[in-house]
Protein chains: 2
Amino acid sequence: MMYVKGVGMTKFGVHVKSSQELCYDAAMEAMDDAGISPDRIDAVVVSRGDCATDGERQRLFPSVISSILGREGIPMVQVMAACAGGGAAMWDAVHSGHDTVLVLGVEKLTPGTTAVVTDDLMMAAESVYEQREGLNFPAQNALIAQQYMRRYGVSMGDLSLVALKNHENANLNPKARFYGKKVTLDMIKKSPIICSPLRLFDCSASVDGAAAVIITKEKTDVGIIGSALCADRLPAFESPDMTTWASTRIAAGEAYRQAGISPEDLDCVELHDAFTPVELMSYEDLGLCGKGEAKKLIRKGRTKLNGDIPVNSSGGLKAKGHPVSATGVSQIYEMTKQLRGQAEKRQVDGARIGIAHNVGGAGSTATVHVLRKGG
Amino acid sequence: MMYVKGVGMTKFGVHVKSSQELCYDAAMEAMDDAGISPDRIDAVVVSRGDCATDGERQRLFPSVISSILGREGIPMVQVMAACAGGGAAMWDAVHSGHDTVLVLGVEKLTPGTTAVVTDDLMMAAESVYEQREGLNFPAQNALIAQQYMRRYGVSMGDLSLVALKNHENANLNPKARFYGKKVTLDMIKKSPIICSPLRLFDCSASVDGAAAVIITKEKTDVGIIGSALCADRLPAFESPDMTTWASTRIAAGEAYRQAGISPEDLDCVELHDAFTPVELMSYEDLGLCGKGEAKKLIRKGRTKLNGDIPVNSSGGLKAKGHPVSATGVSQIYEMTKQLRGQAEKRQVDGARIGIAHNVGGAGSTATVHVLRKGG
């Protein structure tokens, strides 16, 4: 079994620094937190999109990490899974068999223009049918939202409540993109349509950032009691039902089985709210409620910070920001802070067991990690 | 311990098929060879350069594999390490803990023009100093060759002997790019200079291709008794001595230690001859001879197919071809065929123990796998 020994992350937002500089900052914070130096690391797993939109032109990124840490002669690999890259790196590290592993996720999306970033991210969609039809991820998730809302009676107001909650949480998280930004329900409801029914505030924010986690076989105060990754087919049109993601259901089931828990045991959840309807669908796919019942959770405020099952205390992809491959690692950062009781103004009372849920594509790859306080 | 249950590969060369079609062909051949169907696979590790030069625009490749195999609900990840991607995927799979893993490597370099492919591959070099100085990989390896040849008295004729040997072997391998092409020492010595001292025939061939290996915990006739990956710093200028690659030495040392063997026990070797001087340096770094003694091995013909330690019976990167991420997996294919006694006209007599050695960058990442006949 593996444990979390140290965590670090940059602020998510617009950075002048390169992705290797962001990695350095996150890794050094994690090492300080763990109380170790780079020579104690046995292996590195790093995730980073390889078509960096800012023209960094830097592949073979594990050796970049070797250079910046001054740590050579050990195994280092790069794992990719589009927006689930961070979760996949974490999963790979947990199963690697090494004693002390540094897991890194990083993405540098600025100063690429919106059009360049959209086009770049779109390459994670199916190339022949989806991309050529213009089915970028806002469009794919809009189609999913239409089906989900119609079938289960979910309203635009329900989506707005998700955005509002996550912005409220981000406003308590100094590392979030929208820390310090007061967002009201009125602002959300009046925001421009991106792809019907999704408005601007229904979409996560493309940002720069890096996150780092050091995991060890040595017991610490946070144990990783479940770690699962599940791949599904790539195109959404191959799915029999677009309102549920098999990859999330299977990964969650496997992670809960490893952990010996059921969803009722969860005290807090970081999940992949790339778009607000995905947060609601994920309540159901992760087993927080039955199918079609997510709207009740959000309406009753049960997933707010003071609710009985707080979701995305960090602000989530929506308002903390979504630097693609860094997201999954930053979820482990947040969960570790919560279980240690170090989450300050956004602390979830009595957090003992939590999960991190990361998705690549429109449900194509999902990872679920279960963390427990006290190891 | 893991074993090889099945292997497959496409012919290396120019293909009209897409990288997913090449993967399908290689994977199906491996499954036929293993006598299993896709539903027996527990996990997939795939390596593929993500900036495919042919404009395939297809990331999140594990889910592409899920689609083409009709196999979903299991872990699938993508591992990248530039030219060592295949070896890194193999290493990741061996250490993954799964019972039956499909390892895939694929690259599609045509119909990209030479300029596009060169520019694309160059991104594995260091971005600020190396790339902007025009230090693409032929140039980097030319600098290394100059130092190596001067220091150890290696001649252009020695390099030509490496090319000749590997072309002779490829001429016996129907899956090699240059199968059926008769190459003479005169052709090699009169070929144009690419980057002094390297001539055309000192450089490996950029081709399309895919290779697949199925590994299992179940005992088969070929055991994987050593598996090591070592990362070093990225830029060559950070290395104290460019005529030896620490990553190869460390990975080989670790793999031999796991296997309980020494280099004298090896019957055959597939190594990373991206450029002919790298084959010679690798004889030394892999321990086949002492430092500076590689020239004696090649002059005496000891690494030829009928020598005492045959190297690159497949034709190597030089003449089988080098489809980047597929190369490391194809080395396991060749070694498995040799140990099973199925290598036909290029069979190494009495092959019992062999290694596969794969490198990314100019020594930035190296993998070494040790395979043994009889498991």
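In the block above lies the structure referred to throughout.
The structure displayed is predicted, hence computed values, not measured ones. (Residues numbered from 1 in each chain as written. Chains lettered and ligands numbered in written order. Predicted model: local features only at pLDDT ≥ 70, side-chain atom pairs only at ≥ 80, totals over all residues.)

### Some remarks on the overall build of chain A
Selection rule: Working definition: helices are DSSP H or I runs of at least four residues, strands are E runs of at least two. Numbering for both runs from the N terminus. Backbone-placed C-beta atoms define the burial measure: a residue is buried with 20 or more other C-beta atoms within 10 Å of its own, exposed with 12 or fewer, and partly exposed in between.
Helix and strand content of chain A: 13 helices and eleven strands. Seen through its principal axes, chain A has C-alpha atoms that stretch 55 × 45 × 40 Å. Taking all 375 residues of chain A together, the buried fraction comes to 64%.

### Considerations on the pairing of strand E7 (residues 209-216) of chain A
Residues and elements named next belong to chain A. Definition in use: Paired strands, as defined in this entry, are two strands with at least two bridges between them according to DSSP.
Across the eight residues that make up E7, a large majority, eight, are buried. In this structure, strand E1 (residues 2-9) lies alongside E7, joined through six bridges in antiparallel fashion. In the strand pairing of E7, Val-4 is matched with Ile-215. Where strand E4 (residues 100-107) meets E7, eight bridges bridge the pair, whose relative direction is antiparallel. Counterpart to Val-106 in the pairing with E7 is Ala-210.

### Digging into the interface of chain B and chain A
The condition that has to hold: Contact between residues is assigned whenever the C-beta positions, reconstructed from backbone atoms, fall within 7 Å. Residues are grouped as follows: Ala, Val, Leu, Ile, Met, Phe, Trp, Tyr, Cys and Pro are nonpolar; Asp, Glu, Lys and Arg are charged; every other residue, Gly included, is polar.
Each side of the interface is counted separately: chain B has 46 residues, and chain A has 46 residues. Elements that contribute at least two residues to the side of chain B that touches chain A include exactly helix H2 (61-69), strand E3 (76-80), helix H3 (85-94), helix H5 (127-131), strand E8 (222-231) and helix H9 (246-259) of chain B. Broken down by class, the residue content of the side of chain B that touches chain A amounts to 22 nonpolar, 15 polar and nine charged.

### Re helix H1 (residues 19-34) of chain A
Residues that lie three or four places apart on an α-helix share one face, since the helix turns once every 3.6 residues. Residue and element names in this part refer to chain A. The cut-off we apply is this: For a helix, the expected span equals 1.5 Å multiplied by the number of residues minus one.
Counted at 1.5 Å a residue, the expected span for H1 with its 16 residues is 22 Å, and the 22 Å between its end C-alpha atoms agrees. For H1, a buried count of twelve out of 16 residues is recorded, marking the element as mostly surrounded by other parts of the structure. Within H1 the residues assigned to the buried category are Ser-19, Gln-20, Leu-22, Cys-23, Tyr-24, Asp-25, Ala-26, Ala-27, Ala-30, Met-31, Asp-33 and Ala-34. Where H1 is buried, its residues meet E1, strand E2 (43-48), helix H2 (61-69), E4 and E7.

### Points about the relation of the copies chain B and chain A
Superposition of the two copies of the chain requires a rotation about an axis together with a shift along that axis. Cut-off, in case you're wondering: Alignment of copies: least-squares fit on C-alpha atoms of residues with pLDDT of at least 70 in both copies.
At an RMSD of 0.0 Å, chain B and chain A line up after a rotation of 180° and a shift of 0.0 Å along the axis. Such values leave the two copies arranged in the relation of a two-fold axis. Within chain B, the C-alpha atom positioned nearest to the axis of rotation is that of Val-79 of chain B, 2.3 Å from it. The overlap is high: 100% of the interface residues of chain B also sit at the interface in chain A, so the same surface is used on both sides.

### Structural notes on the environment of Leu-297 of chain A
All names here are of chain A. With respect to the helices, strands and loops of the structure, Leu-297 is situated in helix H11 (residues 294-299). Residues Leu-297 and Ile-309, spaced twelve residues apart in sequence, show a C-alpha to C-alpha distance of 9.1 Å. Those residues in contact with Leu-297 that sit more than four places away from it in its chain are Tyr-283, Leu-288, Cys-289, Arg-302 and Thr-303.

### Details of the environment of Glu-218 of chain B
Residue and element names in this part refer to chain B. Among the secondary structure elements, Glu-218 is positioned in the loop between strand E7 (209-216) and E8. Separated by 90 residues in the primary sequence, Glu-218 and Asp-308 place their C-alpha atoms 32 Å from one another. Apart from residues lying up to four places away in sequence, Glu-218 is in contact with Tyr-3 and Lys-5.

### A few points about the packing of helix H6 (residues 137-152) of chain B against helix H10 (residues 276-285) of chain B
Residue and element names in this part refer to chain B. For clarity, the cut-off: Lines fitted to C-alpha atoms define the axes here, with helix axes fitted over just the stretch in contact, and angles between the N-to-C directions of these axes take values from 0 to 180 degrees. Here roughly perpendicular refers to angles of 65 to 115 degrees, roughly parallel to angles under 35, roughly antiparallel to angles over 145, and oblique to all remaining angles. Handedness of a helix crossing follows the sense of rotation of the near helix relative to the far helix, less than a right angle counterclockwise being left-handed and clockwise being right-handed.
One way to put it is that H6 packs onto H10 with a least axis distance of 9 Å and a crossing angle of 55°. Judged on the interaxial angle alone, H10 and H6 are oblique. The crossing of H6 and H10 is left-handed. Contacts between H6 and H10 involve Asn-141, Ile-144, Ala-145 and Tyr-148 from the first element and Pro-277, Val-278 and Met-281 from the second. Of the residues contributing to the contact of H6 with H10, the split by class is six nonpolar, one polar and no charged.

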